[in-house]
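# Structural overview for review
The residues making up each chain are set out below.
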Amino acid sequence: MKREYLLSICMMVKNEEKNLKRCLDALKPLLEKKDVELIIVDTGSEDNTVDIAGQYTDKLYFHKWENHFANMRNITISYAKGEFIFILDADEVVKNPLELYETIREKQDSANTFSVRIKNLNAYGDFTTIQQERVFRNDGDFHFTGAVHNQPRFKEPVISTKVSLDHYGYLFHNKELRERKFKRT
């Protein structure tokens, strides 16, 4: 089935005014493409998150948070009209967005899933790096499972890319908060 877009960028957000603009500004080269859409599902923000999101997309939806990460992720992908779905969080920044686009265009017939390199930064100047699946073929079967440890259920083959994300979600000095978030995710 031919889809309307090559790529759907799917995000769920809540109270992300500190991060969202930085994240979305980095996506501008992708958002200028006619075959890329940005979908944002807000789960109850009480700050300026919705106003910021509205400056970048008209595909802004609202769903009440139900303490289940996978369900919310699945709601975001239910709006996707792209051949591929890119899962992104507001506290992440794509460092080379056009490389993501070109890789998907070039390899779309030989992959169902693409992985990216994620650099997890912390408040002490350290970081860890992982390769993680983030771009998935929108084939009707792809979905997430798990209330907290949401896991994508995807198909092979997987192509590893040179696309990199900086993840700012652990940039805080409060050790208790940092450990609680780390354990949660």
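Up top you'll find the structure we're talking about.
One structure accompanies this document, and this report is about it. Remember, predicted model here, so these are calculated numbers, not experimental data. (Residues numbered from 1 in each chain as written. Predicted model: local features only at pLDDT ≥ 70, side-chain atom pairs only at ≥ 80, totals over all residues. Heavy atoms only, no water.)

### Observations concerning the overall build of the protein chain
Helix and strand content of the protein chain: six helices and ten strands. Expressed as a percentage of its 185 residues, the buried residues of the protein chain come to 48%. With the model as given, the accessible surface of the protein chain reaches about 9900 Å², and the carbon-plus-sulfur share is 47%. (Helix = DSSP H or I, 4+ residues; strand = E, 2+ residues; numbered from the N terminus. Buried < 20%, exposed > 50% of the residue type's maximum accessible area, 1.4 Å probe, protein only. Areas by Shrake-Rupley, 256 points an atom, 1.4 Å probe, with all protein chains shown as cover.)

### Some words on the packing of aromatic side chains
A complete count under the given rule lists seven aromatic pairs for this structure. The interplanar angle of 75° and the centroid separation of 5.0 Å between the aromatic rings of Trp65 and Phe69 together place this pair among those described as edge-to-face. Judged by its relative accessible area of 22%, Trp65 is partly exposed. Judged by its relative accessible area of 17%, Phe69 falls in the buried class. Between the aromatic rings of Phe136 and Phe142, the centroid separation amounts to 4.2 Å while the plane-to-plane angle is 15°, which identifies the pairing as stacked. (Phe/Tyr/Trp six-rings, centres within 6.5 Å; stacked < 30°, edge-to-face > 60°.)

### Details of helix α5 (residues 97–107)
Within α5, burial applies to Pro97, Leu100, Tyr101, Thr103 and Ile104. End-on, the buried residues of α5 take up no more than an arc of 165°, which puts them together on one face. (Arc of directions from axis to C-beta.)

### Some remarks on the layout of surface pockets
The space that makes up the second largest pocket amounts to roughly 170 Å³. Lining the second largest pocket we find Tyr5, Lys28, Leu31, Glu32, Lys34, Val36, Glu37, Leu38, Gln55, Tyr56, Thr57 and Lys59. At the level of secondary structure, the elements contributing two or more residues to the lining of the second largest pocket comprise α2 (28–31) and β2 (36–42). The biggest single contributor to the lining of the second largest pocket is β2, with three residues. Broken down by class, the residue content of the lining of the second largest pocket amounts to five nonpolar, two polar and five charged. (1 Å grid on protein atoms, 1.4 Å probe; cavity = no way out; pocket = protein on both sides within 12 Å on 5 of 7 lines; lining within 4 Å. Points joined across faces, edges and corners; volume = space filled by probe spheres on them. Nonpolar A, V, L, I, M, F, W, Y, C, P; charged D, E, K, R; others polar.)

### Here's the deal with helix α4 (residues 69–78)
By the burial criterion, the buried members of α4 are Phe69, Ala70, Met72, Arg73, Thr76 and Ile77. Angular distribution of buried residues about the axis of α4 spans 160°; they occupy a single face of the element.

### Side note on the pattern of salt bridges
Considering all chains together, one arrives at ten salt bridges under this definition. Put simply, Asp89 and Arg73 hold a salt bridge, and the shortest N to O gap is 2.9 Å. Of this pair, Asp89 sits in the loop between β4 (82–87) and β5 (92–94) while Arg73 sits in helix α4, and the two are 16 residues apart along the sequence. Through salt bridges with shared partners, one network takes in Lys21, Asp25 and Lys28. (Salt bridge = Lys/Arg side-chain N within 4 Å of Asp/Glu carboxyl O.)

### Structural notes on the side chain of Glu92
With respect to the element layout, Glu92 can be found in strand β5. A polar atom in the side chain of Glu92 sits 2.9 Å from the backbone nitrogen of Asp89. When residues no more than four places from it in sequence are discounted, the contact partners of Glu92 are Cys23, Arg134, Leu165, Asp166 and His167. (Polar contact = N/O pair within 3.5 Å; in protein donor to acceptor, adjacent residues only side chain to side chain. Contact = heavy atoms within 4.5 Å.)

### Some points on the environment of Ser8
Within the secondary structure, Ser8 sits in strand β1 (residues 5–13). When its relative accessible area of 0% is taken as the criterion, Ser8 is described as buried. Counting along the chain gives 27 residues from Ser8 to Asp35, while the straight-line C-alpha distance between them is 8.6 Å. Discounting residues that sit within four places of it in the chain, Ser8 has contacts with Glu37, Ile39, Ala80, Lys81, Gly82, Phe84, Ile85 and Phe86. At 2.5 Å, the side chain of Ser8 forms a polar contact with the side chain of Glu37. A polar side-chain atom of Ser8 sits 3.3 Å from the main-chain amide nitrogen of Lys81.

Distances and angles like these do not, on their own, reveal function.
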